[in-house]
Amino acid sequence: MRTERDGTRVVVFLTEDDRAGHHGLYQVILDRALADGIAGATLSRGIEGFGSSGNIRTNRFPDSTTGLPLLLELVDSPERIEAFLPVLAELAPRSLVTREPVRMSRIMPKG
């Protein structure tokens with residue numbers, strides 16, 4: 001059996017250097033998303049990228065692998081994501097955040 005519903009995916013663009021106190025900003029956001037019951041989250045490390053500063057961050061040069069780009073994706077119902085956006089605005093006020101509608105499916109085993 002398959003269940004489907006509308007959802008929203010949020011992508012937060014970060015770097016490994018982004019901090020919240022003594023912790024990586026990505027970890028603080030992940031912990032808060034889990035505590036707030038967000039349905040799912042995935043953190044991915046980019047191999048190269050740039051942001052508003054125009055500085056390219058890359059792992060092509062072994063001595064410059066700090067600060068690589070990170071993508072933090074969160075998925076849940078539109079209402080739960082809307083409720084979480086103020087948290088993102090507080091924790092990551094200068095980060096780029098995108099939102100897009102998604103169709104969420106879960107395939108359930110028969111039985």
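Above: the structure in question.
The shown structure was predicted, so the numbers you read here are calculated from the model rather than taken from an experiment.

Here T8 shows up in strand β1 (residues 2-15). Among the residues examined, T8 registers a relative accessible area of 11% and is labelled buried. Separated by 74 residues in sequence, T8 and E82 have C-alpha atoms that sit 8.9 Å apart. Look past the residues within four positions of T8 in its chain and what remains in contact with it is L74, V75, D76, S77, P78, I81, R99, E100 and V102.

On to the pattern of salt bridges. Note on pairing: side chains with opposite charge can pair once their charged atoms come close. The full count for this structure, using the stated rule, is seven salt bridges. Between R103 and D6 there is a salt bridge, and its shortest N-O distance comes to 2.8 Å. Placement of the pair is R103 in strand β8 (residues 96-107) and D6 in strand β1, with a sequence separation of 97 residues. A salt bridge links E100 to R9; the shortest N-O distance between them is 2.3 Å. Separated by 91 residues along the polypeptide, E100 in strand β8 and R9 in strand β1 bring together distant segments of the chain. Assessed through its relative accessible area of 31%, E100 is described here as partly exposed. The class for R9 is partly exposed, based on a relative accessible area of 27%. Here the residues in one salt-bridge network are E4, D6 and R103, joined through shared partners.

Quick notes on the rules
Residues numbered from 1 in each chain as written. Predicted model: local features only at pLDDT ≥ 70, side-chain atom pairs only at ≥ 80, totals over all residues. Heavy atoms only, no water. Helix = DSSP H or I, 4+ residues; strand = E, 2+ residues; numbered from the N terminus. Buried < 20%, exposed > 50% of the residue type's maximum accessible area, 1.4 Å probe, protein only. Contact = heavy atoms within 4.5 Å. Salt bridge = Lys/Arg side-chain N within 4 Å of Asp/Glu carboxyl O.

Shape is all these values report; function is a separate question.
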